[in-house]
Amino acid sequence: MREKIGLLVLVWFVLCGLCFCRFVVEKNSLRVTSPESLKDVYECAIGNFGIPQYGGTMVGTVIYPKANQQACNDFDEVDISFKSKPGGRPTFLLVDRGECFFTRKAWNAQKAGAAAVLVADDKVEPLITMDTPEEEDSQADYLQKITIPSALISKALGDNIKKALTNTEMVNINLDWREALPHPDERVEYEFWTNSNDECGPKCESQIEFVKSFRGAAQILEQKGYTQFTPHYITWYCPEAFTLSKQCKSQCINRGRYCAPDPEQDFNKGYDGKDVVIQNLRQACLFKVANDSGKPWIWWDYVTDFAIRCPMKEKKYTKECADQVIQSLGLDPKEIDKCIGDPDADVDNTVLRAEQYAQIGRGSRGDVTILPTLVINNRQYRGKLDKGAVLKAICAGFQETTEPAACLSEDIQTNECLENNGGCWQDKAANITACRDTFRGRVCECPIVEGVKFVGDGYSHCEATGALRCEINNGGCWNKTQDGRTYSACIDNHSKGCKCPQGFNGDGVNSCEDINECKDKLACQCPDCKCKNTWGSYECSCKGNQLYMHEHDTCISKQVSTKVSWSFIWVIILGLAAAGLGGYAVYKYRIRRYMDSEIRAIMAQYMPLDNQEDVANHVSHGDI
């Protein structure tokens, strides 16, 4: 009876995750380029294994095998190979749905040399996502070895391709993932829906290996502000009728509000689902605390170290082990415990309640029902959890020309500017090019070099503009040095354009030709003048003992010039002498008059002057 109840609860957990879900099938486009009867763009569903070429395209020729058409067996058994010949296009193998897992078809196609696999649906229905099987035996090792992309196509398209191939028509297809992920701006926002459980088979092992390998790249992208990462964890609730049952109590916390399936799917041994929920909550709280401190990338260190130091197999999947890891990273376990709260309390946990809310799909993103799931720019990633594949998908989420350097490495994409400069404008002399490598290809865009902006179409023409333009390859204008002189058609005080300097004639860009002022009679036209043309200028001289005056374009005698000069000097000397004598005479006259007046004033104080009237100098007496 107990086992039946446990099984019922386990089934309920699964149904809670599937009922009322809005699952979105992630798609890419498929363009048939030949034959003419099939030319069009079709939708296909991206398989959740292998490595889709996010941000790129792949061109190939379709082959439908004569035997093993469901690709459930090795093609070696029927002696068939799909390896493309030198100079030929890659092979896209078309196979039928049914009889075996999608991943088995892709693996057999890859081993036979196919570059991609197209699975034709066997019934008329909306496209579905081809997922990996829940295998746990050793045979599942091949899942992580699948590297070719896969796509599910409709039955109608599959039938039409088969018909064309039967009529010996070549079917060429372009698989296009460039718009499979949104790329709105210079920052990518992505989520990783994961689980701390390390006993769930190949999927758990693959997600742990992914976290370990991707940690370094994720932390660099986060620290430099290129990405915003958020981890998430899926939980379910226990049906109210079973809340007090032993099964719900062992799988859930907070009175059945947040539950996880038993790691071993055995209620009588090992760890319980409740332990998984608490460790998931601890990881979510650690991210919250680290994010509040401005270091959200610590989450990657914790999850990696916890997986190494605290595995379930060694019975270390405990709070004590987790606290040791937290302390080693410089965080306070008490802050984490405060966030976790009391798992036995009959209350909501704010962190897990937010996780359940985030699990519901919004906009273009469907509900998260598959673990692990990567969501990039609100679109679910499909494919292998591989460092290179995921980094490529994240790089596809950047707006073109805003990708970080990590996205432009040879391991991630091909630099199209290396061959024929990508068909863009370039100035080889100045080593300047309009070709700009991007993750999706290349753009021809006139550059900005050392503060100088180039303008033009980027393909055939780019021209330097602004005040400093002459510093960069002479502004793209003509310049030449000859006979110790350098002339340039670039004018610093002009924002653009080229103009040949005085003495030259031409377009100013490709050439400026010297003007022969003598031959064209533009200078030295006086009767006695002799004209000699020089590069960029001219020289004028006079016949005999004459001097050339450039301002008047005339010749004058050197002797006349000397006489006139000496006469002018004598006039100046005589004039100065006359002025000096005149000044001296005035000076003497004024001094003499001044002295005479002073002497007369002094003498008047002591004796009467000749012109004064006589004054009686006696006193009259009165009568006695």
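Residues numbered from 1 in each chain as written. Predicted model: local features only at pLDDT ≥ 70, side-chain atom pairs only at ≥ 80, totals over all residues. Heavy atoms only, no water.

What follows is about the packing of helix α4 (residues 202-223) against helix α11 (residues 387-395). Contact pair α4 / α11: the axes reach a minimum separation of 9 Å and the direction vectors enclose 35 degrees. Judged by the twist between their axes, the crossing of α4 over α11 is right-handed. Where α4 abuts α11, its residues F210, S213, F214, A217 and L221 lie against K387, V390, L391 and I394. Broken down by class, the residue content of the contact of α4 with α11 amounts to seven nonpolar, one polar and one charged. (Axes fitted to C-alpha atoms, helices over the stretch in contact; angles between N-to-C directions. Helix = DSSP H or I, 4+ residues; strand = E, 2+ residues; numbered from the N terminus. Left-handed = near helix turned anticlockwise from the far one by under 90°. Contact = heavy atoms within 4.5 Å. Nonpolar A, V, L, I, M, F, W, Y, C, P; charged D, E, K, R; others polar.)

For the rest of this paragraph, the subject is the confidence of the model for the protein chain. In the predicted model, the protein chain carries a mean pLDDT of 84, and the fraction of residues at 70 or more is 89%. A low-confidence stretch, residues 1-20 (pLDDT under 50), is modelled with 29 contacts involving residues beyond four sequence positions or located in other chains. The model gives residues 611-624 a pLDDT under 50, and that stretch makes zero contacts with residues more than four places away or in other chains. (pLDDT = per-residue confidence, 0-100.)

Spatially, β18-β19-β20 is the arrangement adopted by the three strands of the open sheet, whose pairing is antiparallel. Because the sheet does not close on itself, it has two edges, and the strands there are β18 (448-449) and β20 (463-465). Relative to β20, strand β19 (residues 452-455) runs antiparallel, the two sharing three bridges. The partner of K453 across the bridge, within β20, is T465. (Pairing = 2+ DSSP bridges.)

Another aspect to go through is the state of the cysteines. A complete count under the given rule lists 16 disulfides for this structure. Paired by a disulfide, C285 and C339 hold their sulfur atoms 2.1 Å apart. Residues C285 and C339 are joined by a disulfide whose S-S torsion is about -75 degrees; by sign, that bridge is left-handed. Placement of the pair is C285 in helix α6 (residues 273-292) and C339 in helix α9 (residues 333-340), with a sequence separation of 54 residues. Taking relative accessible area as the criterion, C339 reaches 19% and is therefore assigned buried. At a sulfur-sulfur separation of 1.5 Å, the disulfide partner of C526 is C529. Judged by the sign of its S-S torsion, about 90 degrees, the bond between C526 and C529 is right-handed. Across this residue pair, the class does not change: C526 and C529 are buried. (Disulfide = S-S within 2.5 Å. Buried < 20%, exposed > 50% of the residue type's maximum accessible area, 1.4 Å probe, protein only.)

Read once around its circumference, the closed barrel built from seven strands follows the order β1-β2-β6-β5-β4-β3-β7, with strand pairing classed as mixed. Strand after strand, the sheet turns through a mean of 40 degrees between neighbouring axes, direction not considered. Here five bridges tie strand β3 (residues 57-63) to strand β7 (residues 172-176), and the two strands are oriented antiparallel to one another. Residue pairing for β7: G60 is matched across the bridge by I173.

Counted by the stated rule, this structure contains 21 salt bridges. In this structure, R178 and D176 form a salt bridge, with 2.7 Å as the shortest nitrogen-oxygen distance. Among the residues examined, R178 registers a relative accessible area of 37% and is labelled partly exposed. As a salt-bridge pair, R255 and D346 come within 4.0 Å of each other at their nearest N and O atoms. Taken together, the residues R255 in the loop between β10 (252-253) and β11 (258-259) and D346 in the loop between α9 and α10 (350-359) connect sequence positions 91 residues apart. Here D346 falls in the partly exposed class, since its relative accessible area comes to 44%. The network of salt bridges with common partners includes R255, R257, D346, D348 and R353. (Salt bridge = Lys/Arg side-chain N within 4 Å of Asp/Glu carboxyl O.)

To continue, consider the pairing of strand β6 (residues 150-153). On a regular strand, one side chain projects to one face of the sheet and the next to the other, so that they alternate. Both faces of β6 are covered, namely the face carrying S150 and L152 and the face carrying A151 and I153. As paired elements, strand β2 (residues 40-46) and β6 share two bridges and run antiparallel to each other. What sits directly across from I46, in β6, is A151.

Before going further, it helps to spend a moment on the nonpolar core. Within the largest apolar cluster, 84 residues are counted, with the highest numbers of intra-cluster contacts made by I173 and F214. At 10 residues, the largest contribution of residues to this core is made by α6. The residues contacting I173, other than those within four sequence positions of it, are L30, R31, V32, T33, M58, V59, G60, V62, F92, L118 and I161. Judged by nonpolar contacts, the second largest core, of 23 residues, contains V25, L93, F102 and A114. (Core = buried A, V, L, I, M, F, W, Y, C linked by side-chain atoms within 4.5 Å.)

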